[in-house]
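This is what each chain is made of:
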Amino acid sequence: MILYFKKEEFIIKLFIIPTICITIVLGAILYTLHPNDSSQITTSKKSNENTFYFHKSEALTASYSIINRRLRSSTIISFGESDKDVRIVNDSTFTVINYVDWINHEGENKRNYYSCTVIFSHNCKAKARNLVFME
């Protein structure tokens, strides 16, 4: 049995259909081999989500522990609770101006104002620089 095709059907069956199939297969292969740009964008978004953003209140609280270590032989009564004098330098650095009420060795109540720069590291630990007690 001999099949006769029209000229358009012959061109479609002989050239266009195989070309489309080859294009789909090659596209799938190249897609799997090429780095996925959207996954890199997603990855960078995820890494940005893991970035810690610190707040004034956290810097103020971190300054408490820094002052506690500095005045370890004294009895600390209280700290100033307001973060209105905390200045933001960047996402992880703050300048804290606050006060501490404490009792000295003679039993006298003292209030000292202090200023320090609180710097948070990537592991969320804080350190102080430029710690100054003001008279």
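Criteria and cut-off values
Residues numbered from 1 in each chain as written. Predicted model: local features only at pLDDT ≥ 70, side-chain atom pairs only at ≥ 80, totals over all residues. Heavy atoms only, no water. Salt bridge = Lys/Arg side-chain N within 4 Å of Asp/Glu carboxyl O. Buried < 20%, exposed > 50% of the residue type's maximum accessible area, 1.4 Å probe, protein only. Pairing = 2+ DSSP bridges. Helix = DSSP H or I, 4+ residues; strand = E, 2+ residues; numbered from the N terminus. Polar contact = N/O pair within 3.5 Å; in protein donor to acceptor, adjacent residues only side chain to side chain.

(A) Local environment of the pattern of salt bridges. Applying the stated criterion to the full structure yields two salt bridges. In this structure, the salt-bridge partner of Lys110 is Glu108, at a minimum N-O distance of 3.9 Å. Assessed through its relative accessible area of 35%, Lys110 is described here as partly exposed.

(B) Fine view of the pairing of strand β3 (residues 93–103). By the bridge criterion, four bridges tie strand β1 (residues 75–79) to β3 in an arrangement that is antiparallel. Residue Ser78 lies in a different strand from β3, and its bridge partner there is Asp101. Relative to β3, strand β2 (residues 86–90) runs antiparallel, the two being bridged by four bridges. For Asn90, the partnering residue across the bridge sits in β3 and is Thr93. Hairpin connection between β2 and β3: a loop of two residues separates the two successive antiparallel strands. Judged from the eleven bridges that link them, β3 and strand β4 (residues 109–120) form a sheet pairing that is antiparallel. Of the residues in β4, the one forming a bridge with Thr93 is Ile119. Here β3 hands over to β4 after five residues, with Gly107 in that stretch at a positive phi of 85°.

(C) Up close: the side chain of Ser63. Following the sequence through the fold, Ser63 ends up in helix α3 (residues 56–70). One polar contact links Ser63 to Tyr114, side chain to side chain, over a distance of 2.9 Å.

Limitation: the analysis is restricted to geometry and does not speak to function.
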